Amino acid sequence: MMISFNSMGDVKKHLESLKTLSVLEPEDYALEGKIADIIAGERGEMKFTQIRKFFGHIKKIETVELKGRENNDPVDPRGFYPLMPELAYSYGRGLITRDFYEVMKICLSSNKIKTVVDFKRFVNLLTAVIAYHKKREMDKKGGVSHVKQ
């Protein structure tokens, strides 16, 4: 059953209610108007380069530390903890929003990522946020009427 999300508050409550991120259903985060789209919409003046930089760290963990591991293999969350001061610094400098900081905090530091599959779902969520962020940037510019070749 798809869940309705009307605000960032709904998104945070839902993420907090999950035992782990792997139980987050794709229809609840990937579709337009759902979690990733709402996070992207609440970005305020958040810089795309900051999200991309953070995403780069996450992808490095995925490709280096989790390579070749099975979905149910445990993940040591202490590997993510160094990302929190980086996010706090970005928030403190006004480069990311409080909402984005809080959502990442829920995902990274509240025991939501216990296995490889939990981490993969987190990567999928962040990938969707980046995609909707780019879409919103294009919408803000008025969209593209043709594709360059």
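Being a predicted model, the structure only gives us computed values, none of them experimental.

Let's shift gears to the packing of helix H4 (residues 48-65) against helix H7 (residues 116-140). Remark: H4 packs on H7, axes separated minimally by 11 Å, with the N-to-C direction vectors making an angle of 155°. By the criterion of interaxial angle, the relationship of H4 to H7 is roughly antiparallel. Note that H4 runs across H7; the crossing there is left-handed. Where H4 approaches H7, its residues Phe 48, Ile 51, Arg 52, Phe 54, Phe 55, Ile 58, Lys 59, Ile 61 and Glu 62 are matched on the opposing element by Phe 119, Lys 120, Phe 122, Val 123, Leu 126, Thr 127, Ile 130, His 133, Lys 134 and Glu 137. Here the contact of H4 with H7 is built from residues that sort into eleven nonpolar, two polar and six charged.

This part takes up the side chain of Glu 62. Tracing the backbone through its elements, the reader meets Glu 62 in helix H4. Residue contacts for Glu 62: discarding those within four places in its chain leaves Lys 67, Phe 119, Lys 120 and Val 123.

About the criteria used
- Residues numbered from 1 in each chain as written.
- Predicted model: local features only at pLDDT ≥ 70, side-chain atom pairs only at ≥ 80, totals over all residues.
- Heavy atoms only, no water.
- Axes fitted to C-alpha atoms, helices over the stretch in contact; angles between N-to-C directions.
- Helix = DSSP H or I, 4+ residues; strand = E, 2+ residues; numbered from the N terminus.
- Parallel < 35°, antiparallel > 145°, perpendicular 65-115°, else oblique.
- Left-handed = near helix turned anticlockwise from the far one by under 90°.
- Contact = heavy atoms within 4.5 Å.
- Nonpolar A, V, L, I, M, F, W, Y, C, P; charged D, E, K, R; others polar.

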